[in-house]
Amino acid sequence: MPQVARLNIAPVRSLGLESREEIVLGPLGVAEDRRFFVIDAGGRLVDQLIAAEMVQVAAWTDPEATLLRLTFPDGTVCEEAVRLADPIEVPVHGRVAIGHIVEGPLGDALGAFLGRPVRIVRCDRVGGTRRAHPATLVSDGSLEALGAVLGVGDVDARRFRMLIELDGGGPHEEDTWIGGRIGLGETVLRISAPVARCAMTTHDPNTGQRDFDTLHAIKAYRGQVDGKDLMFGVWGEVENPGRIRLGDEVRLLA
């Protein structure tokens, strides 16, 4: 059965992924995942589709989101205790994120790198805007199938920003689990649906620059759902929370 090859979180939405040897997955996801996001001077979301170079900045936070560290490509580090200022509500892709603006130099440092004034917001709740789908999974077999269509061989899974990457799976083997339950580490996940993909998957996960037309390739060999959605990977709902580690094997459950 497939095994966990990589575990990814993004403490700040659209910044570089942080890979971990283990995660603690709760009903709303990993506590540190997507706890922060970025807005412009007008209070609008800034993500990788607007500022592609965001992905070049690494971020780290603790489970309580009381400390935030940004590491820039030149090695410069900005780390500060999280000090909250005004409350704010921000539309985020059809949902509303409720949080507080983070005071201090973190936003200024990120804005200087991006070449635009930005502010960082901490979501008030674990999971941010998430109301369901706290886990995402994709297998190496699916990535190999996509790479074959693209004619590039290896496709870096990080462009899909999945929480759980699996090795040892057949092409889209994870799709066969939809409607069922799997055990992974200490957790039990109900695999609920495929994940609809966006243009962010066309970006190099190291630079943020557009390189592969993943969406066209997915459409070419997988088609569309409801005439619009391009599916790749699956959602997981947490029935039993717990710890997942690298090397944990998928267990199919009744």
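Structure: above.
Residues numbered from 1 in each chain as written. Predicted model: local features only at pLDDT ≥ 70, side-chain atom pairs only at ≥ 80, totals over all residues. Heavy atoms only, no water.

S.K.: Talk me through the pattern of salt bridges; I want residue IDs and the actual numbers.
M.R.: By the definition in use, this model includes 17 salt bridges. A salt bridge links Asp-156 to Arg-6; the shortest N-O distance between them is 3.8 Å. In this pair, Asp-156 sits in the loop between helix H2 (140-150) and strand E14 (164-167) while Arg-6 sits in strand E1 (residues 3-9), placing the two residues 150 residues apart along the sequence. Of the charged contacts in the structure, one is a salt bridge between Asp-229 and Lys-228, with a shortest N-O distance of 3.1 Å. Judged by relative accessible area, which is 55%, Lys-228 ranks as exposed. Put simply, Arg-6, Asp-156, Arg-158 and Glu-165 are held in one network by salt bridges that share partners. (Salt bridge = Lys/Arg side-chain N within 4 Å of Asp/Glu carboxyl O. Helix = DSSP H or I, 4+ residues; strand = E, 2+ residues; numbered from the N terminus. Buried < 20%, exposed > 50% of the residue type's maximum accessible area, 1.4 Å probe, protein only.)

S.K.: Describe in detail the sheet that holds strand E16 (residues 187-196), supporting the description with residues and values.
M.R.: If you trace the eight strands from one edge of the open sheet to the other, you get E2-E1-E14-E13-E17-E16-E15-E19, paired in mixed fashion. A single partner strand is all that each edge strand has here, and the edge strands are strand E2 (18-20) and strand E19 (251-253). Across the sheet, the axes of successive neighbouring strands diverge by a mean angle of 35 degrees, strand direction being ignored. One ladder, built from four bridges, connects E1 with E14; its direction is antiparallel. Each bridged residue has a counterpart across the sheet, and for Val-4 the counterpart in E14 is Leu-166. With respect to the sheet, H2 is in contact with strand E13 (135-139), E14 and strand E17 (231-240), its orientation differing from that of E13 by roughly 60 degrees. (Pairing = 2+ DSSP bridges. Axes fitted to C-alpha atoms, helices over the stretch in contact; angles between N-to-C directions. Contact = heavy atoms within 4.5 Å.)

S.K.: Give me the lowdown on the layout of surface pockets, citing residues and values where you can.
M.R.: Counted as a void, the largest pocket has a volume near 990 Å³. Contributing to the lining of the largest pocket are 41 residues, with Arg-13, Arg-34, Arg-95, Val-195 and Trp-235 lying nearest its centre. Per-element tally for the lining of the largest pocket: the top contributor is E16, with three residues. A volume near 220 Å³ is recorded for the second largest pocket. Residue lining of the second largest pocket: 15 residues in total, with Asp-140, Leu-143, Val-155, Ala-157 and Asp-167 positioned closest to the centre. (1 Å grid on protein atoms, 1.4 Å probe; cavity = no way out; pocket = protein on both sides within 12 Å on 5 of 7 lines; lining within 4 Å. Points joined across faces, edges and corners; volume = space filled by probe spheres on them.)

S.K.: Run through the packing of aromatic side chains, naming residues and quoting values.
M.R.: Each aromatic ring pair is characterised by the separation of its centres together with the angle its planes make. Within this structure, the stated rule accounts for two aromatic pairs. Relative to Phe-113, the ring of Phe-72 has its centre 5.7 Å away and its plane inclined at 55 degrees; by these criteria the two rings are tilted. Of the two residues, Phe-72 sits in the loop between strand E8 (67-71) and strand E9 (77-81) while Phe-113 sits in helix H1 (residues 105-114), which places them 41 residues apart along the sequence. Judged by its relative accessible area of 28%, Phe-113 falls in the partly exposed class. Taking 4.5 Å as the distance between ring centres and 15 degrees as the angle between the ring planes, the aromatic pair formed by Phe-160 and Phe-232 counts as stacked. Of this pair, Phe-160 sits in the loop between H2 and E14 while Phe-232 is found in strand E17, placing the two residues 72 residues apart along the sequence. Phe-232 matches Phe-160 in its accessibility class, with the two residues each being buried. (Phe/Tyr/Trp six-rings, centres within 6.5 Å; stacked < 30°, edge-to-face > 60°.)

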